[in-house]
Amino acid sequence: MLAFLKRRQITFALVLWFALVLLVSYFVLGRNRKSAAVSGASPSAKSSTTTSPLAHASLDSDNDGLPDAAELQSFMDRENFRQWFTLIAESQFYHLSDQWNAEQRDCAGLVRFAWREALRRHDRTWFQKMGPGYQAVAPDVGKYSLEQGPLGEKLFRTSFGVYKDGDLSAGAFSDFADARTLKNFNVKFISRDRHNAEPGDLLFFYQPWVQKFPYHVMIFLGPAKLSNEQANDWVVYHTGASPTDEGTVKKVELSVLDHHPNKRWRPVESNPNFLGFYRLKILD
């Protein structure tokens, strides 16, 4: 009798233990399934709410209208571009390159030409095409070349707004930009104080009711590359063409322009026609 009771107690204990194991397993399994469902749903939910804005922001993260892919984000690329940009612009004062279309020789045309040529690969063929007076002043821009860049020859934005897919085909970029277009869509204001300017920055003047094209642009060189002058405030610009005059490229010190006989052309803060110094957005 005692043996029978003892067996029943053992059997009952085993059944109770087995039921307890099943109960624990049920709750553990349910929790794991819930966690898996939550973790599986979170990425897709997060993706649906954040992927699109993040992907859009990555195209133009600083909302300046240019795709990030077109901006020179490394220090060396920016410096190398400045070296080539200012060299090419200054060289036009000494010898106009045949590669600069004669029909586009004006103040904005000088900027476009120097900008475009600064992004090319400067190999032997390039030097031969450009003509005399050029030298290798820096390595090429490493991020991209003009021919393989994200914008191709259409370097210049022509409208307001952040960059988005389809802008190129929609005409938001062009291979042409006058001084007004350069100022409004392709540069960022820096200062009216020349001490904040860097080589390759642009100076803009605005003179409505005085001339047919009210905007005028100059390129700040800083120190000269093609002469031994000691000054470090050189600018170069094209005077613009007229029906009776094709204009010319001039190179002059800011300190000389400060005393221009026509006060409207003085690059000083007290001159309301002087808009200030601006930096190319691809460098900012």
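Check the entry above for the structure.
Conventions adopted
- Residues numbered from 1 in each chain as written.
- Predicted model: local features only at pLDDT ≥ 70, side-chain atom pairs only at ≥ 80, totals over all residues.
- Heavy atoms only, no water.
- Helix = DSSP H or I, 4+ residues; strand = E, 2+ residues; numbered from the N terminus.
- Buried < 20%, exposed > 50% of the residue type's maximum accessible area, 1.4 Å probe, protein only.
- Contact = heavy atoms within 4.5 Å.
- Areas by Shrake-Rupley, 256 points an atom, 1.4 Å probe, with all protein chains shown as cover.
- Core = buried A, V, L, I, M, F, W, Y, C linked by side-chain atoms within 4.5 Å.
- Pairing = 2+ DSSP bridges.
- Polar contact = N/O pair within 3.5 Å; in protein donor to acceptor, adjacent residues only side chain to side chain.
- Salt bridge = Lys/Arg side-chain N within 4 Å of Asp/Glu carboxyl O.

K.L.:
Can you walk me through the overall build of the chain in this structure?
P.N.:
Along its length, the chain carries seven helices and eight strands. Scored against the burial criterion, the 284 residues of the chain give a buried share of 40%. Restricting to contacts in the chain with at least 6 residues of sequence separation, those with at least 24 account for 61%. As displayed, the chain offers around 16,300 Å² of accessible surface, 57% of which is attributable to carbon and sulfur atoms.

K.L.:
Would you mind showing me how to read the nonpolar core here?
P.N.:
One recurring pattern in soluble globular proteins: nonpolar side chains tend to sit buried together. Counting 50 residues, the largest nonpolar core has Phe81, Phe85, Ile88, Trp115, Leu202, Ile219 and Leu280 as the members making the most contacts within it. Of all the secondary-structure elements, those providing two or more residues to this core are α2 (75-94), α3 (107-118), α4 (124-130), α6 (179-186), β4 (202-206), β5 (215-222), β6 (234-238) and β8 (274-280). Tallying contributions element by element places α3 first for this core, with eight residues. What leucine 280 contacts, discounting residues up to four positions off in sequence, is Phe81, Phe85, Trp115, Asn186, Val187, Gly200 and Leu202.

K.L.:
Sorry if this is basic, but what is going on with the environment of leucine 87 here?
P.N.:
Locating leucine 87 in the fold gives a position in helix α2. Note on leucine 87: relative accessible area 0%, which makes it buried. C-alpha of leucine 87 to C-alpha of valine 137: the two residues are 50 residues apart in sequence and 7.9 Å apart in space. In this structure, leucine 87 is in contact with Gln135, Val137, Lys225 and Leu226, ignoring residues within four places of it in sequence.

K.L.:
Looking at this structure, how should I read the pairing of β6?
P.N.:
Residues in a regular strand point their side chains to alternate faces of the sheet. Here β6 lies mainly inside the structure; five of its five residues are buried. Both β5 and β6 contribute to a ladder of three bridges, which runs antiparallel. Directly across from glycine 222, in β6, lies its bridge partner tryptophan 234. Pairing of β6 with strand β7 (residues 249-253), which is carried by five bridges, proceeds in the antiparallel orientation. Among the inter-strand pairings, tyrosine 237 is bridged to a residue of β7, identified as lysine 250.

K.L.:
What exactly am I supposed to notice about the side chain of serine 227 here?
P.N.:
The residue serine 227 is located in the loop between β5 and β6 in this model. Reaching out from serine 227, the side chain makes a polar contact with the side chain of lysine 251 at a distance of 3.2 Å. Sequence-distant contacts of serine 227, defined by excluding residues within four places in its chain, comprise Glu90, Tyr94 and Lys251.

K.L.:
Can you walk me through the pattern of salt bridges in this structure?
P.N.:
Pairing is possible between side chains that carry opposite charge, provided their charged atoms lie close to one another. Throughout the structure, instances matching the rule amount to 15 salt bridges. Among the salt bridges present, the one from lysine 164 reaches aspartate 167, with a minimum N-O distance of 3.4 Å. With relative accessibility at 44%, the residue lysine 164 sits in the partly exposed group. On the basis of relative accessible area, aspartate 167 is assigned to the buried category, the value being 4%. Several salt bridges converge on common partners, so that one network encompasses Glu79, Arg82, Glu198, Asp201 and Arg279.

K.L.:
What am I meant to see in the environment of valine 217 here?
P.N.:
Residue position: valine 217 is located in strand β5. Residue valine 217 is classed as buried on the basis of its relative accessible area of 1%. In this structure, valine 217 is in contact with Cys107, Ala108, Val111, Ala179, Leu202, Leu203, Phe204 and Tyr237, ignoring residues within four places of it in sequence.

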